[in-house]
Amino acid sequence: MERSVETMDKIVSLCKRRGFVFSGSEIYGGFVGSFDYGPYGVELANNIKAAWWQAMVHREPNIVGLDSAIVTHPKVWEASGHVGGFSDPLVECKACNTRSRADHLLEEAEVFADEKMSVEEINAVFDSVREKISCPKCGEKQFGSVTKFNLLVKTNLGNFKDDWSADPAYLRGETCQGIYINFKNVLDSTRVKVPFGIAQIGKAFRNEIAPRQYIFRKREFEQMEMQMFVAPADEMKVYSLWKEKRMQYYLDLGFKPENVRWHEHENLVFYAKAAFDIEYNFPFGFKELEGVHARGDYDLTQHQTFSGVSMEYLDPYTNEKYLPHVVETSVGVDRTFLAVMTEFYDEDELCGEKRIVLRFPKKLAPIKVAVFPLLKNRPELVEKAKEVFALLAEHMRAEFDDNGNVGKRYRRQDEIGTPHCVTIDFDTLGEENPLLKDTVTVRDRDTGEQTRVAITELITYLQ
Ligand code: ATP
């Protein structure tokens, strides 16, 4: 499908209409940067997380999982550099007070800038093209100067003073700090040896200046991050390997090669050896989906310095002591969700009827199979269909639907990406042809083809 603003509108509308994504706090008029996943959305998000976990933990002999606390000792965020430097360039429109990210406005004007530039650098760039940049809200060109706005979200968790804001804790701005601070714990409590990785999925929070593009940029979002701890000499070799693996991961999910590409960071932070993003072809263009970074020993050095606890690794084979280097892969659940919706959204015509269909791969589909009694008002059909539903539900996420005619039920399931629908009809009961007793019709989402399958073979057929 062609990618455009209309594609985005169609996806947003389908997500709301079919219970994938709702605006956060909708009955109160919404809450900027916040979204809720509905009944099918939570299934899809869970399947996205399960696919990542399977690829990154279950299939990797040297990677283990972790679930660390969202709120940590505040020093973690001083050590990581977030308290001092986790900021985006903010510019305010003097006419309507709308705050925007200066680097994004510059990017739209096709002038290179990024969030890592100093205040002076970005102000100089902004000043040089001021007259070309308009406020996205009111269209005026009356901006103040660019300032740096810290994205860390403060909390009074564990602080009972009235003036807690001078001494706050923080909601984590990324999940990987929980991994670094548990590096020693994992090393000491499990069988792992360098090189090994720790993977984690969890919520992160950022006071994004201008959350935009639906669930692409939220203030509360979820990350899937993996940190591989390696010997310094192996860092770049391991980095290349993970670059390859992560790109292959998206191709294996079923993304078309032309919709994913590499983007190299123009402006590397001082400690990084290499930083590439995997960009996806969202309806609003190619944007970052995942970062793959070679981070040197910066993170462990910082936590060693701030905590006073040694993070060194003693190699049991060479007796060499060193601080491991880190290769990181970091991707958002929400951005993957939007990429998956975009990649598999389709419109076609089946049996002369137009339809919307989500062509999800089976492992991502929120519902794997829908079970229908042919007629709602025939108790013998309904009873048999409920029996089949109970059988399938033991093995996969199934849905029972007896609402409306079968054609309408097919359309509903196509719209949520259900690969198969099973209909229980009079043949299932053996009323017309005893040879067909205890067989059902299985309809394929993509082709509309119908196959007669014995109930006893249904699970194997559908898996
Ligand atoms: P961007 O440049 O788009 O702000 P980033 O470079 O700050 O992203 P990272 O800090 O590298 O992002 O975070 C790793 C991943 O977490 C990103 O690739 C993205 O998938 C996800 N992510 C980051 N910020 C957000 C957000 N505000 N909303 C949703 N997902 C996010």
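Residues numbered from 1 in each chain as written. Predicted model: local features only at pLDDT ≥ 70, side-chain atom pairs only at ≥ 80, totals over all residues.

Asker: In this structure, what is going on with the overall build of the protein? I would like to understand it.
Answerer: Helix and strand counts for the protein come out as 14 helices and 23 strands. In the protein, the share of contacts with a sequence separation of at least 24, taken over all contacts with a separation of at least 6, comes to 63%. (Helix = DSSP H or I, 4+ residues; strand = E, 2+ residues; numbered from the N terminus. Contact = placed C-beta atoms within 7 Å.)

Asker: It is not clear to me how the site of the ligand should be interpreted in this structure. Could you clarify?
Answerer: Inspection of the region around the ligand gives 16 residues, with F221, G291, S330, G332 and R335 positioned closest. At the level of secondary structure, the elements contributing two or more residues to the shell around the ligand comprise β10 (220-230), β13 (285-294), β16 (325-332) and α11 (333-344). With four residues, β13 is the largest single contributor of residues to the shell around the ligand. For the shell around the ligand, the class distribution of residues is three nonpolar, four polar and nine charged. (Near = placed C-beta within 6 Å. Nonpolar A, V, L, I, M, F, W, Y, C, P; charged D, E, K, R; others polar.)

Asker: Can you walk me through unusual backbone geometry in this structure?
Answerer: Leave glycine aside and you will find that most residues have negative phi; peptide bonds, for their part, are mostly trans. Cis geometry is adopted by the peptide bond preceding P195, which originates at V194 and carries an omega value of 5°. At E110, a position not held by glycine, the phi torsion is positive, near 60°. When the 8 C-beta atoms within 10 Å are taken as the criterion, E110 is described as exposed. (Buried ≥ 20, exposed ≤ 12 C-beta atoms within 10 Å, placed from the backbone.)

Asker: Please explain the sheet that holds strand β22 (residues 439-444) as it appears in this structure.
Answerer: To summarise the sheet geometry, strands pair through backbone hydrogen bonds and adopt either a parallel or an antiparallel arrangement. Pairing is mixed in the open sheet, where five strands are placed in the order β20-β19-β21-β22-β23. Two strands bound the open sheet, and with one partner strand each, they are β20 (398-400) and β23 (450-454). For this sheet the average axis-to-axis angle between neighbouring strands, irrespective of direction, equals 25°. Where strand β21 (residues 420-424) lies against β22, four bridges are found, and the strand directions are antiparallel. In the strand pairing of β22, C421 is matched with R443. In the packing of helix α12 (residues 379-393) onto the sheet, the strands contacted are β19 (369-373), β20, β21 and β22, and the crossing angle to β19 comes to about 165°. (Pairing = 2+ DSSP bridges. Axes fitted to C-alpha atoms, helices over the stretch in contact; angles between N-to-C directions.)

Asker: Looking at this structure, how should I read the pairing of strand β17 (residues 345-350)?
Answerer: In summary, the side chains of a regular strand alternate between the two faces of the sheet. Pairing of β17 with strand β18 (residues 353-358), which is carried by six bridges, proceeds in the antiparallel orientation. The residue of β18 that forms the bridge with D348 is R355.

Asker: When you look at the domain arrangement of the protein in this model, what are you seeing that I'm missing?
Answerer: In many analyses, interface size is given as the accessible surface area lost on bringing the parts together. Under the domain assignment used here, the protein contains domain 1 (5-82 + 155-341), domain 2 (87-150) and domain 3 (367-462). Broken down by class, the residue content of the side of domain 1 that touches domain 2 amounts to three nonpolar, one polar and one charged. (Domains from an automatic or database assignment.)

Asker: What am I meant to see in the nonpolar core here?
Answerer: The nonpolar side chains of a soluble globular protein tend to be buried, and buried together. One finds I48, F337, L338, V371, F372, V388 and V422 to be the most contacted residues of the largest nonpolar core, which totals 88 residues. Considering every element that reaches this core, the biggest residue donor is helix α2 (residues 39-58), with seven residues. When residues of this core are sorted by domain, at least three fall in each of domain 1 (5-82 + 155-341) and domain 3 (367-462). Apart from residues lying up to four places away in sequence, V422 is in contact with V369, V371, F372, V388, V440, V442 and L458. Counting residues in each nonpolar core, the second largest holds 12 residues, with C93, A102, M117 and F126 among its members. (Core = buried A, V, L, I, M, F, W, Y, C linked by C-beta atoms within 7 Å.)

Asker: Would you take a moment to explain the environment of A370 for this structure?
Answerer: By the element assignment, A370 lies in strand β19. Setting aside chain neighbours within four positions, we find A370 in contact with E399, D401, R409, Q413, T418 and C421.

Asker: What am I meant to see in the environment of E120 here?
Answerer: Within the element layout of this structure, E120 appears in helix α6 (residues 119-129). The spacing of E120 and F22 is 98 residues in sequence and 40 Å in space, taken between C-alpha atoms.

Asker: Would you mind going over the environment of L314 with me for this structure?
Answerer: As for its position among the elements, L314 is in strand β14 (residues 313-314). Considered as a pair, L314 and G24 are 290 residues apart in the sequence and their alpha carbons are 48 Å apart.

Asker: Teacher, can you tell me more about the pairing of strand β12 (residues 274-282) here?
Answerer: Bridge count between strand β11 (residues 260-264) and β12: five bridges; the pairing is antiparallel. What sits directly across from R261, in β12, is E279. Sheet topology note: the β12/β13 ladder contains nine bridges and is antiparallel. Paired with A274 across the strands is A294, a residue of β13. Between the antiparallel neighbours β12 and β13 lie two residues.

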